[in-house]
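Inside the fold
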Amino acid sequence: MAEVERIIGTPGTPDEDGERTAEPGASDASGADQQSTADRRPGRGRRIAVLFAVAAFAYALDLVSKMIVVAKLEHHAPIEVIGDWLEFHAIRNPGAAFGFGGAFTIIFTVIAAAVIVVIFRLARKLYSFPWAVALGLLLGGALGNLTDRIFRSPGIFEGQVVDFIAPKGFAVFNLADSAIVCGGILIVLLSFRGLDPDGTVHKD
């Protein structure tokens, strides 16, 4: 976590796109001054607002979908959406995303909580719009599944997640899982592009 915060705290100067490019050769003193200036410059508040707006949307969509599934689909026959290629089939999943690791429910609960804490800490140095979207998707998805872990049976921190999207030949999952995967893919793409959460672009 310290390494991640070191990366996103790297001082730099804005480029033409409003992103910051790291300046080689800067002294420690000037770096501290630049960091202080960067913390005061406008833009971070808007990025944080985007992060939480995306997270709230993903979380609300997941929560509402699960409420509908539990009320209308659970203990009923699967509903064919696209023939037998895609069905809505309600199940309770004690494991991680896509049904893996059913014997480690509490561990996955702790991991989800840790991810949420890390995202909140990263938000303090967030100046990149794409990173705000990616972290918002991760946060919304993690909150969605963590809510199930806490409030659903068989008990607190051991609750089973409601899954219902069932493609043919694939594991059953939910919208929170989808948000987490999309956020993770976006983070990988941003990393390949060389863009850090603080807007710094590493041009190799």
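Placed above this text is the structure.
Just so it is clear, the structure is predicted and the values come from calculations on it, not from any experiment. (Residues numbered from 1 in each chain as written. Predicted model: local features only at pLDDT ≥ 70, side-chain atom pairs only at ≥ 80, totals over all residues. Heavy atoms only, no water.)

Details of the packing of aromatic side chains
Per the counting criterion, the structure on display carries three aromatic pairs. Taken together, a centroid distance of 5.7 Å and an interplanar angle of 75° make the contact between phenylalanine 88 and phenylalanine 164 edge-to-face. Of this pair, phenylalanine 88 sits in strand β4 (residues 86-93) while phenylalanine 164 sits in strand β5 (residues 161-167), and the two are 76 residues apart along the sequence. By relative accessible area, phenylalanine 164 is classed as buried at 6%. Seen in terms of ring centroids, phenylalanine 170 and phenylalanine 173 are 6.2 Å apart; in terms of plane orientation they differ by 80°. Their pairing is edge-to-face. (Phe/Tyr/Trp six-rings, centres within 6.5 Å; stacked < 30°, edge-to-face > 60°. Helix = DSSP H or I, 4+ residues; strand = E, 2+ residues; numbered from the N terminus. Buried < 20%, exposed > 50% of the residue type's maximum accessible area, 1.4 Å probe, protein only.)

Regarding the environment of alanine 132
Within the secondary structure layout, alanine 132 lies in helix α5 (residues 129-151). Along the backbone, alanine 132 and isoleucine 48 are 84 residues apart, and their C-alpha atoms lie at a distance of 6.7 Å. Apart from residues no more than four positions distant in its own chain, alanine 132 is found in contact with Arg47, Val50, Leu51 and Leu126. (Contact = heavy atoms within 4.5 Å.)

Let's talk about the sheet that holds β4
If you trace the three strands from one edge of the open sheet to the other, you get β3-β4-β5, paired in antiparallel fashion. Every interior strand has two partners, whereas the edge strands, β3 (79-82) and β5, have only one. Neighbouring strand axes in the sheet, compared pairwise and without regard to direction, differ in orientation by 40° on average. Where β4 lies against β5, six bridges are found, and the strand directions are antiparallel. In the sheet register, leucine 86 faces β5, and the bridge partner there is proline 167. Strands in contact with helix α3 (residues 44-72) are β4 and β5; relative to β5, the strand with the most contacts, it is inclined by about 85°. (Pairing = 2+ DSSP bridges. Axes fitted to C-alpha atoms, helices over the stretch in contact; angles between N-to-C directions.)

Observations concerning the side chain of aspartate 177
By secondary structure assignment, the location of aspartate 177 is in helix α6 (residues 175-193). Lacking a salt bridge, the buried aspartate 177 has lysine 66 as its closest oppositely charged neighbour, with an N-O distance of 6.8 Å. Side-chain polar atoms of aspartate 177 contact the side chain of asparagine 145, separated by 2.9 Å. (Lys, Arg positive; Asp, Glu negative; His and termini not counted. Salt bridge = Lys/Arg side-chain N within 4 Å of Asp/Glu carboxyl O. Polar contact = N/O pair within 3.5 Å; in protein donor to acceptor, adjacent residues only side chain to side chain.)

With respect to the pattern of salt bridges
Applying the stated criterion across every chain yields a total of five salt bridges. Of the charged contacts in the structure, one is a salt bridge between aspartate 148 and lysine 66, with a shortest N-O distance of 2.9 Å. In this pair, aspartate 148 is assigned in helix α5 and lysine 66 in helix α3, connecting sequence segments 82 residues apart. Using a relative accessible area of 1% as the deciding quantity, one classes aspartate 148 as buried. Judged by its relative accessible area of 0%, lysine 66 is buried. Ionic pairing is found between lysine 168 and aspartate 84, a salt bridge with its closest N-O pair at 3.7 Å. In this pair, lysine 168 is assigned in the loop between β5 and α6 and aspartate 84 in the loop between β3 and β4, connecting sequence segments 84 residues apart. Among the ionic contacts, a cluster of salt bridges with common partners joins Asp62, Lys66, Asp148 and Arg152.

Digging into the packing of α3 against α6
Where α3 meets α6, the closest approach of the two axes is 8 Å, and the angle between their N-to-C directions is 155°. In terms of axis orientation, α3 runs roughly antiparallel to α6. In contact with Ala58, Leu61, Asp62, Ser65 and Lys66 of α3, α6 contributes Leu175, Ala176 and Ala179. (Parallel < 35°, antiparallel > 145°, perpendicular 65-115°, else oblique.)

Some thoughts on a nonpolar patch on the surface
Taken together, the side chains of Ile79, Val81, Ile82, Trp85 and Phe88 present a nonpolar region at the surface, about 490 Å² in accessible area. Here the element with the most residues in the nonpolar patch is β3; it accounts for three residues. A residue is classified by how much of its surface remains accessible, and phenylalanine 88, at 31% relative accessible area, is partly exposed. (Patch = residues over 30% accessible without salt bridge, like charges linked within 9 Å, V, L, I, M, F, W, Y side chains within 5 Å. Areas by Shrake-Rupley, 256 points an atom, 1.4 Å probe, with all protein chains shown as cover.)

Looking at unusual backbone geometry
At the junction of serine 153 and proline 154, the peptide bond is cis and its omega measures out at 15° in the coordinates. Despite not being glycine, histidine 75 has its phi angle at roughly 70°, a positive value. Considering the arrangement of structural elements, one finds histidine 75 in the loop between α3 and β3. Using a relative accessible area of 78% as the deciding quantity, one classes histidine 75 as exposed.

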